[in-house]
Structure formats: structure tokens, C-alpha cells
Amino acid sequence: MSFSIKKNITWVGKIDWELRKFHGEEYSTHRGSSYNSYLVKDKKTAIIDTVWTPFAEEFVRNLKEMDALKSIDFVIANHGEPDHSGALPELMREIPDKPIYCTANAVKSLKAQYHQDWNFKPVKTGEKLSLGDKELIFIEAPMLHWPDSMFCYLTGDDTLFSNDAFGQHYASELMFNDLADQAELYQECLKYYANILTPFSRLVDRKIKEVVGFNLPVDMICTSHGVIWRKDPLQIVNKYLEWADDYQENQITVIYDTMWDSTRKMAEAIADGIRQTDDKVAVKLFNCARSDKNDIISEVFKSRAILAGSPTINKGILSALAGILEEMRGLAFRNKKAAAFGSYGWSGESVKMITEKLREGGFEIVHDGLREMWNPDKQGRENCLNFGKIFASLLK
Ligand code: FEO
């Protein structure tokens, strides 16, 4: 499969409709994904990025069938992660001497992953590669989201190839942003940002401002996953600036796990208390053992505060909650408030433990938390309701 994006830019990637997990089992992809690769033709021809390893053979076969393989003069590797570099070995078997333009960090990551001594041409921000009438300008983007990441910009066509940035795990035959379902598209963009880019928000902000400072016109943004931004392409850049600025909506997310429903009852009574105090705030509850963790992370990303609950088990907390707390620690959310709750039978360590993990994750702890013994009775539910009211009032 291939399709034309502009007169001299052709998409030659792979739409992966079946993908349901990405990064091993780490990231859910309910709507599949795509690995976008672009063939840019001028007097010389460059190929920008490849596809994930399982599709390497298909990728190269497709290029052969298009009669494009022999015309490739330059390979551009914007990023070393296998979803974009995975077909390099297959491609380079066909064109072994062609130069690969990438960052110095990508030379290291590609060599360490594929153990090949390809003809690497390390580039820095501002360096250019002439394709004839048009040029590719390279822009390093370290930690967006790997040390080796970079963008490149095609003059004449005013097209930014941004690799992972501005992308989404979203399979669609309608490969342009104006054709896609906008709600689905933005849901996937936000999920991608929340789950992958949150820790790098300060760098996102800095890099966008740096690129904007180059005053390059942008007619199109070709990402490496999902749709191509051709209608008002800067909309996603502006959205990234908003998201990078410690984004939040008027939402509180309650995440819990439960064994015999006591902690669930607590969560529901706490949510009632919040609503009774603030009828404008969106309160969302997730049993984290039964919900998709990446979707929960998207909700945390949108929240100004969260509550996390688990009963005490074996002097600790339930593993599903422990997992999501660890996920949140790594993502290093900022400017969000939190507190813990949980039921217990005898020792009752969970609330303290959750509180500590939330604190480690960068959340501002606004309350010591609430414990309820065994199955909350009327008084216990009242305590939870009051706790919800207090929590909501602490956010005002
Ligand atoms: Fe889509 Fe960081 O690879």
C-alpha cells in the first residue's frame, strides 16, 4: 500500500489494524496504529523512517513493487525505536551502501540494536541535506522521547516530519486529520501524550518554541504514527503547548482496587461527598484491576486531583493499584493534588503506603487519608462522604 501526500511525497508505511498492545504489553492500542514511512522524491530520493520489524519484509517488497527501492539515495532515521527502525536491516540488505542520516545518539542506539556497521551520517540541528531543488533540514529533539529522536523539515513543501511527536496510535484508512473522526483522533492524541510524553513536558515546550523560532512555514506535519496533519497543522502543536503546561481539566479521578467491595463502597461514598461539595467537577471512578491502565492515565492527566484506594493485604496494597502508582511515579505528573483511602481488617498499612507512593510520584498530598475497618456501615459511609467533602473543599 502507498498513497501520495504531495506531488513528491509518498506514504509507504504500514497500517496495523490488529495491534492491541504496544511497547510490549505496556500501552493499549484499542484502535490499532500505523508506522508511517515517507518517500521524498526530488532530483535525489530520501526515505524517512521505516516500519516495525514484523512488517519489514512487506515494507521492502512494497518498495520493490513500486519500483522505488533502486531510486533511494538517502535513508533518514528520525528515531531508533524498533517501530520505526525495525525494517532497516531488511532495507539495508537491499541498499547496503546508502547513507543513513540520523543523530549521533541514533548511531549508538541503531548500532547497539542491529549490530551493523551501516554508512551512518550523524547530523545536528540546522544541518541540511540537498535533494536537488529542495532540502531536508535536521532538528535534533533529544528526549522527545528518546535521546536519539529528531525531526526533519522539507523546504519547498514546508513539511515537518516529526516522528513520534504529534502522533497517535490510531489506524485509519482516512490518513489525514481533516478526514478522521475528530473525537477519536483527539482522544488518541491525548492518550499518546499522557502516557508517553508527560515526563518530557518541559522539553516539549522548549523544543516547540525553538522550532517555531526558526520561522519555517508549516503546511503539513507528517508524524510517524496515525494521521497526517494537513488541515491547520499547527492545531496539534498548540494543543501540545497546552498539554505541556501542566494541563488539567475540572476533574477528579478516583482509582481503587477492592477485594470484598469495602474499598469500592468507600470510593463511591467519597465521590458522593465530592459531588455534594462541588457540582461542577467531573468525578470519574475506576477499579484499576478492571480498567485499562493507559485509559486511566489519560484520565489522571486530565485531572486536577486524584484519590487512590486499596484495602490492606499482607501489610501492603493490592497489586493493580501498586502497578498504576508506579506508572504514575514514572510519568511525574505536576501540579496535581491527591489523597489515599482504603479498608482494612487488622494492621491497616495501605493508606500510609499509598500516600507515600503518591508523594513519590510528585502529587501534593492534601489530606492524611481515610481508613475504614472491615465493611463500612452507615457511620463508615458517612465518614467517607465527609472525607469526599473535605477533599473537594481542599481543592478550592
Ligand atoms: Fe514510535 Fe518512540 O517510537
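Figured I'd write up the structure that's included with this text. (Residues numbered from 1 in each chain as written. Predicted model: local features only at pLDDT ≥ 70, side-chain atom pairs only at ≥ 80, totals over all residues. Heavy atoms only, no water.)

1. Remarks on helix α11 (residues 350–360)
Selection rule: Between buried and exposed lies partly exposed: a residue is buried under 20% and exposed over 50% of the maximum accessible area for its type, with that area taken using a 1.4 Å probe on protein chains only. A run of H or I in DSSP becomes a helix once it reaches four residues, and a run of E becomes a strand once it reaches two; helices and strands are each numbered from the N terminus. Each C-beta atom gives one direction from the helix axis, and the arc is the one those directions make. Only heavy atoms matter for contacts: two residues are in contact if any of them lie within 4.5 Å across the pair.
S350, V351, I354, T355 and L358 are the residues of α11 that are buried. Buried residues along α11 cover an arc of 130° about the axis, so they all sit on one side. Among the exposed residues of α11, those pointing more than 90 degrees away from its buried face are K352 and E360. Close packing links the buried residues of α11 with β19 (305–309), α10 (319–331), β20 (337–344), β21 (364–365) and β22 (370–373). Note on α11: the residue one or two positions beyond its end, G362, has a positive phi of about 95°.

2. Digging into the side chain of T103
How we decide: Definition of a polar contact: a pair of N or O atoms within 3.5 Å, with one able to donate and the other able to accept a hydrogen when the atoms are protein atoms, and with sequence-neighbouring residues admitted only if both atoms are side-chain atoms.
Here T103 shows up in the loop between β10 (100–102) and α4 (104–114). When its relative accessible area of 2% is taken as the criterion, T103 is described as buried. From its side chain, T103 meets the backbone oxygen of D148 in a polar contact 3.0 Å long. Those residues in contact with T103 that sit more than four places away from it in its chain are P122, V123, E140, D148, S149 and M150.

3. Section: α10
Our working rule: Each residue after the first adds 1.5 Å to the expected span of a helix.
Here α10 spans 18 Å end to end across 13 residues, near enough to the 18 Å set by a 1.5 Å rise per residue. Within α10, the full set of buried residues consists of L321, I324, L325, E327, M328 and L331. Buried residues of α10 fall within an arc of 155° about the axis and therefore sit on the same side. Where the residues of α10 are buried, they touch α5 (182–197), β17 (251–256), α9 (293–302), β19 and α11. Within two residues after α10, A332 carries a phi angle of roughly 50°, on the positive side.

4. Comments concerning the packing of helix α8 (residues 262–277) against helix α12 (residues 378–394)
Formally: Only C-alpha atoms enter the line fits that serve as axes; for helices the fit covers just the stretch in contact. Angles between N-to-C directions range over 0 to 180 degrees. By definition in this entry, angles of less than 35 degrees are roughly parallel, angles greater than 145 are roughly antiparallel, angles of 65 to 115 are roughly perpendicular, and the rest are oblique. Crossings are classed by handedness, with left-handed meaning an anticlockwise turn of the near helix from the far one by less than a right angle and right-handed meaning a clockwise turn. Gly is placed with the polar residues, together with every amino acid not listed as nonpolar (Ala, Val, Leu, Ile, Met, Phe, Trp, Tyr, Cys and Pro) or charged (Asp, Glu, Lys and Arg).
Axis separation between α8 and α12 bottoms out at 7 Å; the angle between their running directions is 45°. The pairing of α8 with α12 is recorded here as oblique in orientation. Crossing of α8 against α12: the hand is right-handed. Facing M266, A269, I270, D272, G273, I274, Q276 and T277 of α8, the residues of α12 in contact are R381, C384, L385, F387, G388, K389, F391, A392 and S393. Looking at the contact of α8 with α12 residue by residue, the class counts come to nine nonpolar, five polar and three charged.

5. Topic: the environment of I390
Inspection of the secondary structure puts I390 in helix α12. Distance in space between the C-alpha atoms of I390 and H367 is 8.7 Å, their sequence separation being 23 residues.

6. Brief notes about the sheet that holds strand β14 (residues 150–154)
Applicable threshold: Paired strands, as defined in this entry, are two strands with at least two bridges between them according to DSSP.
Here five strands make up an open sheet; going across it, the order is β12-β13-β14-β15-β16 and the pairing mixed. Either end of the sheet is taken by a strand with one partner, and the two such strands are β12 (128–130) and β16 (220–223). Neighbouring strand axes in the sheet, compared pairwise and without regard to direction, differ in orientation by 20° on average. As paired elements, strand β15 (residues 159–163) and β16 share four bridges and run parallel to each other. Within β16, the residue paired with N163 across the bridge is T223.

7. Points about the pairing of β20
Threshold: With strands facing away from the observer, any crossover in which the path from the first strand over the helix to the second runs clockwise is taken as right-handed.
Of all eight residues that make up β20, seven are buried, and the element is covered over most of its length. As defined by bridge partners, β19 adjoins β20 across five bridges and the pair is classed as parallel. Residue pairing in the sheet places I306 in a bridge with A338 of β20. The handedness of the β19 to β20 crossover, carried by α10, is right-handed. In this sheet, β21 lies alongside β20 in parallel orientation, the contact comprising two bridges. The partner of A338 across the bridge, within β21, is I365. Viewed along the sheet, the connection from β20 through α11 into β21 turns out right-handed. Sheet topology places β20 next to β22; four bridges connect them, and they run parallel. Bridged to S343 within β22 is E372.

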